[in-house]
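# Examination of the molecular architecture
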Amino acid sequence: MTLDDFVLVLRDSLGLPVTAEVVREDFDQVPGWDSVHLLALVTVLERETGRQVSLPDALEARTLKDIYDLAVVG
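None of the values given here were measured: they were computed from a predicted structure. (Residues numbered from 1 in each chain as written. Predicted model: local features only at pLDDT ≥ 70, side-chain atom pairs only at ≥ 80, totals over all residues. Heavy atoms only, no water.)

## What to know about the nonpolar core
- One finds Phe6, Leu10, Val18, Trp33, Leu41, Leu64 and Ile67 to be the most contacted residues of the largest nonpolar core, which totals 24 residues.
- Secondary-structure elements contributing two or more residues to this core are α1 (3-14), α2 (35-49) and α4 (64-73).
- Those residues within four positions of Val18 in sequence are excluded, and the remaining contacts are Val7, Leu10, Arg11, Val30 and Leu64. (Core = buried A, V, L, I, M, F, W, Y, C linked by side-chain atoms within 4.5 Å. Buried < 20%, exposed > 50% of the residue type's maximum accessible area, 1.4 Å probe, protein only. Helix = DSSP H or I, 4+ residues; strand = E, 2+ residues; numbered from the N terminus. Contact = heavy atoms within 4.5 Å.)

## Quick notes on the side chain of His37
- Along the polypeptide, His37 turns up in helix α2.
- With relative accessibility at 15%, the residue His37 sits in the buried group.
- Discounting chain neighbours no more than four positions away, the residues touching His37 are Leu14, Leu16 and Gly32.

## A short note on α2
- Compared with an ideal rise of 1.5 Å per residue, which puts 15 residues at 21 Å, α2 spans 21 Å between its outermost C-alpha atoms and is within 8% of the ideal.
- Turning to α2, its buried residues are His37, Leu38, Leu41, Val42, Val44 and Leu45.
- Taken together, the buried residues of α2 touch α1, α3 (55-60) and α4.
- Between the side-chain oxygen at the start of α2 and the backbone nitrogen of Val36 there is a gap of 3.0 Å, and the oxygen is on Asp34. (Expected span 1.5 Å × (residues − 1). Polar contact = N/O pair within 3.5 Å; in protein donor to acceptor, adjacent residues only side chain to side chain.)

## Considerations on the packing of α2 against α4
- Between α2 and α4, the shortest axis-to-axis distance is 10 Å and the interhelical angle comes to 35 degrees. For the crossing formed where α2 meets α4, the hand is right-handed. Every residue of α4 that contacts α2 at Leu38, Leu41, Leu45 and Thr49 is listed here: Leu64, Ile67, Ala71 and Val72.
- Tallied by class, the residues present in the contact of α2 with α4 amount to seven nonpolar, one polar and no charged. (Axes fitted to C-alpha atoms, helices over the stretch in contact; angles between N-to-C directions. Left-handed = near helix turned anticlockwise from the far one by under 90°. Nonpolar A, V, L, I, M, F, W, Y, C, P; charged D, E, K, R; others polar.)

## Side note on α1
- The end-to-end C-alpha distance of α1 is 16 Å, a good match for the 16 Å that twelve residues give at a rise of 1.5 Å each.
- Of all the residues in α1, the buried ones are Leu3, Phe6, Val7, Val9, Leu10 and Leu14. Down the axis of α1, the buried side of the element spans an arc of 155 degrees, and every buried residue falls inside it. Opposite the buried face of α1, at more than 90 degrees from it, the exposed residues are Asp4 and Asp12.
- Buried residues belonging to α1 abut α2 and α4.
- Positive phi appears at Gly15, one or two residues downstream of α1, with a value of about 70 degrees. (Arc of directions from axis to C-beta.)

Rendered as structure tokens:
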């Protein structure tokens, strides 16, 4: 999964109007973001990547890019 694929997941699965630039901003700068999105995103990423995402690590993330790195980069 590329970063562009990740952005599409955010748009299509979570309905967030984000761009590749927005994923690098703090969560409080992401339009429409709330904590419920985090749980949904982790679930979607686990399904899409086939990899388990550590929820404690995800809770420490400051940006969507951090979540991408956890789920995809490892």
